[in-house]
Amino acid sequence: MDQREQWASRHGFILATIGAAVGLGNIWRFSYVAGENGGAVFLFLYLLCVLFIGLPIVIAELALGRRAQGDVVAAFEHQGDQSLWRYVGWLGVVGAIAILSYYAVIAGWALKYFVGAATGTLWSKAAEGYGGYFKTFIANTGEPIAWQAAMLGASVYIVAGGVHKGIETVNRWLMPLLAIIIVVLAVFSLSLPGSAKGLEFLFAPDWSVMAKPGVYVAALGQAFFSLGVGMAVFVTYGSYMPRNFPLLTSAVGIAIGDTLFAIVAGMAIFPAVFAFDIDPTAGPELTFITLPQIFLQMPGGTLAGAVFFFLLSAAALTSMVSLLEVPVAIAVHRMSLRRWHAAGFAGTIIFLLGIPSAMSFGLLANIKIGRHGILDAIDAGVSNFLLPVAGILIVFYVGWKLERSIALGETELGEGWLGICWYWLVRSVAPLAISVILLQSASAM
Ligand code: TRP
């Protein structure tokens, strides 16, 4: 076996992990879930979930990975045992593939909008209305699949390039650029007359929303999805981490970077939504129907729109890369495939699995799972169920199965008060809180 690859630099590593965290979840998903769930109260609950559940899991995942110096499955069999815990690793692999299958479809929509906005075809469609435009596009069979394939192809290409030359390099370029773009867009949006109402929606809580049963699971699911925890991405990324990288600082950096990105994206989107008197509860279509309308009415909006959809596509790409790396690492280690072959193989399977999602607004629109179409059902099932359940298993493993001294040593927390706090969160608070929220949402269904 050749030498395990490693990240070349600390800040390359941190940018790659932030690239994994920042994606469609921060822009497309955050804006519509926050819009549907009352804005500020949702944001408040979401922040609590990030701080007390998400961040402790990020720390646990990175520590598990760095300790294993192997793939996700190896991370759960490190005590030399062939116990059932291995399947938590496999659950991560299956979950990463499931997420990527539909994520690539939405990323493809973003890419189409970027190309359309940059070449001007998007803006020439204003007369037919963006609702009709978007619905006609996603109801098509070939086109969404072609854009999905393009995004997956790009991810395969980057992952095939390797951890350092592929993943790290792309993130080092893209992530700082995306941070600048989102801040510029927010400033632009805040300068619109009437934007204050958007800020109010996002930051002034209407506490009556707390009585809505769905808001808790929405906040928890969003925290998991947006950070990118639960599916072993950070276990895999942590396994390429040299011993001398600061684990705790990295974890805190991921949580802060991801959260700031979502909040600033909210400050770009909601002021514009309210300035043009548009309903924030539009749902998943907010990004693709509502925003183009807004861009068209804004001075300089066509440029801002092109930049926005570039941001969305690029952020999606760096997250897709992180998800793809999970099965690729497995295939490289367990099937002794070359990286190129592993990436192509995994990419092809994920592409095929994603086709029903791509067609779920057209030919397959009549197939419903519960109330949802195929794509929405997988998204809701994964975020609001699979991720939290995998999260419980991970904290359980680290909190109850791993020895205390190993857990506190690997995370660099030690026996100080921070270490004690983290350990208590991982052993009791996080599994309890996740269980309560899951049960509450199940009973509300
Ligand atoms: N966090 C990414 C986003 O916000 C998506 C993502 C990447 C993800 N890796 C993940 C979600 C692992 C869940 C689990 O778009």
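The structure presented is a predicted model; accordingly, all values stated were derived computationally and were not measured. (Residues numbered from 1 in each chain as written. Predicted model: local features only at pLDDT ≥ 70, side-chain atom pairs only at ≥ 80, totals over all residues. Heavy atoms only, no water.)

1. With respect to helix α10 (residues 214-227)
Under the convention used in this document: Secondary structure follows DSSP: runs of H or I at least 4 residues long count as helices, runs of E at least 2 residues long count as strands, and numbering of each begins at the N terminus. The span you would expect from a helix comes to 1.5 Å times its residue count less one. Relative accessibility decides the category of a residue: with a 1.4 Å probe and only protein chains considered, values under 20% of the type maximum give buried, values over 50% give exposed, and everything between is partly exposed.
With 14 residues, α10 extends 20 Å from end C-alpha to end C-alpha; this agrees with the ideal 20 Å at 1.5 Å per step. Summarising burial for α10: 12 of the 14 residues are buried, a large majority. Taken together, the buried positions of α10 are occupied by Val215, Val217, Ala218, Ala219, Leu220, Gly221, Gln222, Ala223, Phe224, Phe225, Ser226 and Leu227. Residue glycine 228 follows α10 closely and has a positive phi angle near 85°.

2. Here we look at the nonpolar core
Using the following cut-off: Residues grouped as a nonpolar core are buried Ala, Val, Leu, Ile, Met, Phe, Trp, Tyr and Cys residues, joined through side-chain atoms within 4.5 Å. In this analysis, two residues are considered to be in contact whenever any of their non-hydrogen atoms come within 4.5 Å of each other.
Trp7, Phe308 and Trp422 are the most contacted members of the largest nonpolar core, which totals 170 residues. The leading source of residues in this core is helix α14 (residues 301-334), at 20 residues. Non-local contacts of tryptophan 7, meaning those with residues more than four positions away in its chain, are made with Phe13, Ala16, Val163, Ile167, Glu168, Tyr237, Tyr240, Met241, Pro242 and Phe245.

3. Some words on the environment of glutamate 403
Among the structural elements, glutamate 403 can be located in the loop between α16 (374-401) and α17 (404-410). Overall, glutamate 403 belongs to the partly exposed group, its relative accessible area being 47%. It is 30 Å that separates the C-alpha atoms of glutamate 403 and alanine 16, two residues lying 387 residues apart in sequence.

4. Examining the pattern of salt bridges
Here is the rule: Any carboxyl oxygen of Asp or Glu within 4 Å of a side-chain nitrogen of Lys or Arg constitutes a salt bridge here.
In this structure the tally under the stated criterion is 12 salt bridges. One salt bridge connects arginine 243 with glutamate 410, and the closest N-O pair in it is separated by 3.4 Å. One end of the pair, arginine 243, is in the loop between α11 (233-238) and α12 (247-275); the other, glutamate 410, is in helix α17, with 167 residues separating them in the sequence. Note on arginine 243: relative accessible area 54%, which makes it exposed. A relative accessible area of 14% means that glutamate 410 is categorised as buried. One network of salt bridges, with partners in common, ties together Asp71, Glu77, Arg86 and Arg334.

5. Here's the deal with the site of the ligand
The test is simple: For each residue, the test is whether any non-hydrogen atom lies within 4 Å of the molecule or strand; if one does, the residue is near. Pairs of N or O atoms are called polar contacts if they sit within 3.5 Å, as long as, within protein, a hydrogen donor faces a hydrogen acceptor (for residues adjacent in sequence, only side-chain-to-side-chain pairs). Computed with a 1.4 Å probe, the accessible areas rest on the Shrake-Rupley method; for each residue, only the protein chains presented here act as cover. Put simply, Ala, Val, Leu, Ile, Met, Phe, Trp, Tyr, Cys and Pro go in the nonpolar bin, Asp, Glu, Lys and Arg in the charged bin, and everything else, Gly too, in the polar bin.
Neighbouring the ligand are 18 residues; Ala21, Gly25, Tyr103, Phe225 and Ser226 lie closest to it. The contact in question runs from an oxygen atom of the ligand to an N or O atom on the backbone of leucine 24, over 3.2 Å. With respect to the ligand, the side chain of tyrosine 103 contributes an N or O atom lying 2.6 Å from an oxygen atom. Alone, the ligand offers 360 Å² of accessible surface; in the complex the protein occludes 100% of this. If you list the elements that add at least two residues to the shell around the ligand, you get α1 (10-21), α2 (24-36), α5 (86-119), α10 and α14. Classifying every residue of the shell around the ligand gives 11 nonpolar, 7 polar and no charged.

6. Remarks on the side chain of arginine 86
You can see arginine 86 is positioned in helix α5. Dropping the residues within four chain positions of it, arginine 86 is found in contact with Val73, Phe76 and Glu77.

7. Section: the environment of glutamine 148
Take glutamine 148: it is sitting in helix α7 (residues 142-160). Sequence separation of glutamine 148 and alanine 104 is 44 residues, and the distance between their C-alpha atoms is 5.3 Å. Those residues in contact with glutamine 148, other than ones at most four positions away along the chain, are Ser101, Ala104, Val105, Gly108, Phe351, Gly354, Ile355 and Ala358.

Purely spatial values, then, with no claim about function.
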